[in-house]
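Structural description and commentary
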Amino acid sequence: MAALVIVEIEITDPDRYDQYKKIAAPTVAAYGGKYVARGGKVDTLEGAWRPGRVVVLEFPSADRARQWWGSSEYRPAKELRQACARTRMILVEGV
């Protein structure tokens, strides 16, 4: 069953975040993931949620998404992201 990783990102250092994007993308692909949305226009339809940047990743399964997130391949990118942005990240299992 497919799973989505949904991330709300507030970038604090754009130059370092650009570097993050370059090194993170190959790790996503290595775990069977793909970008569904990557910083496109966001419109709030209901409620008070006003995220700036949203990224949505799709993985073949929740287990595969967790493996990617905890992997040694992704670790350097994750540490860079955590240093140059504030994020909220959730994993949602698909139907």
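Here the structure is a predicted model, which means the values were calculated and not measured. (Residues numbered from 1 in each chain as written. Predicted model: local features only at pLDDT ≥ 70, side-chain atom pairs only at ≥ 80, totals over all residues. Heavy atoms only, no water.)

**Points about the packing of helix α1 (residues 14-30) against helix α3 (residues 75-84)**
Heads up, the rule is: Under this scheme, a helix contributes an axis fitted over its contacting stretch, all axes are lines through C-alpha atoms, and angles between N-to-C directions fall in the 0 to 180 degree range. Helix numbers and strand numbers start at the N terminus; a helix is a DSSP run of H or I with at least 4 residues, a strand a run of E with at least 2. Throughout, the term roughly parallel applies to angles under 35 degrees, roughly antiparallel to angles over 145, roughly perpendicular to angles from 65 to 115, and oblique to all others. By convention, the crossing between two helices is left-handed when the near helix turns anticlockwise from the far helix through less than a right angle, and right-handed when the turn is clockwise. Contacts are residue-level and defined by heavy atoms, with any inter-residue pair within 4.5 Å sufficient. For this classification, Asp, Glu, Lys and Arg are treated as charged, while Ala, Val, Leu, Ile, Met, Phe, Trp, Tyr, Cys and Pro are nonpolar and the rest, including Gly, are polar.
As a packed pair, α1 and α3 sit with axes 9 Å apart at the nearest point and diverge in direction by 160°. Relative to α3, α1 is oriented roughly antiparallel. Relative to α3, the crossing made by α1 is left-handed. In this structure, α1 uses Arg16, Tyr17, Gln19, Tyr20, Ile23 and Ala24 to contact α3, whose residues at the interface are Pro76, Ala77, Lys78, Leu80, Arg81, Ala83 and Cys84. Across the contact of α1 with α3, the residue classes break down as nine nonpolar, one polar and three charged.

**Some details on the environment of Tyr74**
What counts is decided by this rule: Each residue's exposure class comes from its accessible area (1.4 Å probe, protein chains only) as a fraction of the maximum for that residue type: buried when under 20%, exposed when over 50%, partly exposed otherwise.
Tracing the backbone shows Tyr74 in the loop between α2 (62-69) and α3. Looking at Tyr74, the relative accessible area reads 0%, which means it is buried. Taking C-alpha positions, Tyr74 is 19 Å from Ile11, a pair spaced 63 residues apart along the chain. Those residues in contact with Tyr74 that lie beyond four places of it in its chain are Tyr20, Ala24, Thr27, Trp68, Trp69 and Arg81.

By themselves these figures say nothing about function.
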